[in-house]
Amino acid sequence: MLSIDPSEMTERENYKFLIGSIIPRPIAFVTSISEEANLNGAPFSYFNIVSSNPPMISLAIQRSKGKQKDTARNILHSKEFVVHIVDEQNVEKINKTAASLPSNESEIGLAKLTPIDSVKISVPGVKEAKIRMECTLEHSLELGGHDSPGCDLIIGKVVQFHIEEEIYKNGRIDPHGLGAVSRLAGTNYAKIGDLFSLERPK
């Protein structure tokens, strides 16, 4: 077995090692509002659950050459954002929002996504997601980087859930009905495949 010291690898080599080994990764499509009131949308696969009491999620938004991304800047300014689960039906549209656009242009229009008002926050979500979560900013941290931060870690508290009725029965979500897709390395994605169960030890 190879043993590798990450301090002896480039940032790109570490990136490729991490995204190739930590798989599959759930994908959050995040909408946020800029100071100029533009609706921004972007996908992130450094995303997961933090807590269920209260419900909280995390986003690690990587900086490019030390420059903060629009999503992180918007969240830190407005303290609000919406997280959507990327699924088989919306993944192609969501992929279009990964394009690099000027901060005054909306990825929502580019991808032909449909804005929908939120209930408890001012940031709209998009209609094309089967699950969306309205979030308020709980914590933020600047992490990593030798000369300047390499990442903005965002912890959001979920203040409202939205889910398609057809996939939510008796308090449980049908994984095949949701059809969530996950991120692998490169241009690869994965679907929900075969499921299996294991009883947890008592």
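Above: the structure in question.
Small disclaimer: the values here were computed from a predicted structure and weren't measured.

**Student:** Would you mind showing me how to read unusual backbone geometry here?
**Tutor:** Residues apart from glycine generally show negative phi values, whereas peptide bonds are mostly found in trans. For the bond from Ile-23 to Pro-24, the omega torsion is -10°, close enough to zero to count as cis. With respect to the element layout, Pro-24 can be found in the loop between α1 (11-21) and β1 (25-26). Asn-53 connects to Pro-54 through a cis peptide bond whose omega is 0°. Mapping Pro-54 onto the fold places it in the loop between β4 (47-52) and β5 (55-62). At Lys-65, a position not held by glycine, the phi torsion is positive, near 55°. Phi at Lys-112 is positive, roughly 55°, even though this residue is not glycine. Inspection of the secondary structure assignment puts Lys-112 in the loop between α4 (107-110) and β7 (115-116).

**Student:** Just checking my understanding: could you explain helix α2 (residues 70-78) for this structure?
**Tutor:** Count 3.6 residues to each turn of an α-helix, and residues three or four apart come out pointing the same way. What α2 keeps buried is the set Asp-70, Thr-71, Ala-72, Asn-74 and Ile-75. Residue Lys-79 follows α2 closely and has a positive phi angle near 65°.

**Student:** What should I look at first to understand the sheet that holds strand β13 (residues 182-183) in this one?
**Tutor:** Backbone-to-backbone hydrogen bonds join strands into a sheet, with any given pair of strands oriented parallel or antiparallel. An order of β1-β13-β14 is seen for the three strands of this open sheet, with the pairing classed as antiparallel. The open sheet has two free edges, formed respectively by β1 and β14 (189-190), since each of these has just one partner strand. As defined by bridge partners, β13 adjoins β14 across two bridges and the pair is classed as antiparallel. Within β14, the residue paired with Arg-183 across the bridge is Tyr-189.

**Student:** It is not clear to me how the packing of aromatic side chains should be interpreted in this structure. Could you clarify?
**Tutor:** Between two aromatic rings, the relevant description is the distance of the centres plus the angle of the planes. Within this structure, the stated rule accounts for zero aromatic pairs. Lying across the ring of Tyr-189, Arg-183 places its NZ or CZ 4.7 Å from the centre.

**Student:** Please clarify how the state of the cysteines should be interpreted in this entry.
**Tutor:** When the sulfur atoms of two cysteines share a covalent bond, that bond is a disulfide. Taken as a whole, this structure holds zero disulfides when the rule is applied. Of the cysteine sulfurs around Cys-135, a residue in no disulfide, the closest is that of Cys-151, at 17 Å. Taking relative accessible area as the criterion, Cys-135 reaches 0% and is therefore assigned buried. Of the residues examined, Cys-151 reaches a relative accessible area of 10% and is grouped as buried.

Procedures and definitions
Position numbers for residues count from 1 along each chain, tracking the sequence in the order it is written. Under the rules for a predicted model, residues below a pLDDT of 70 receive no local features and side-chain atom pairs below 80 are neither given nor counted, while totals for whole chains, interfaces and linings still include all residues. For the side-chain quantities, the full set of heavy atoms in the structure was used; hydrogens and water were omitted. Only runs of H or I of at least four residues qualify as helices and only runs of E of at least two qualify as strands under DSSP, and these elements are numbered from the N terminus. Exposed residues in this analysis have more than 50% of their type's maximum accessible area, buried residues have under 20%, and partly exposed residues fall in between, with area computed by a 1.4 Å probe over protein chains only. Strands are treated as partners if at least two bridges between them are detected by DSSP. Within 6.5 Å between ring centres, the rings of Phe, Tyr and Trp (the latter by its six-membered ring) count as paired, and their orientation is classed by plane angle as stacked under 30 degrees, edge-to-face over 60, tilted in between. The rule is short: NZ of Lys or CZ of Arg within 6 Å of the ring centre and within 35 degrees of the ring normal puts a charge over the ring. Criterion for a disulfide: a pair of cysteine sulfur atoms at a distance within 2.5 Å.

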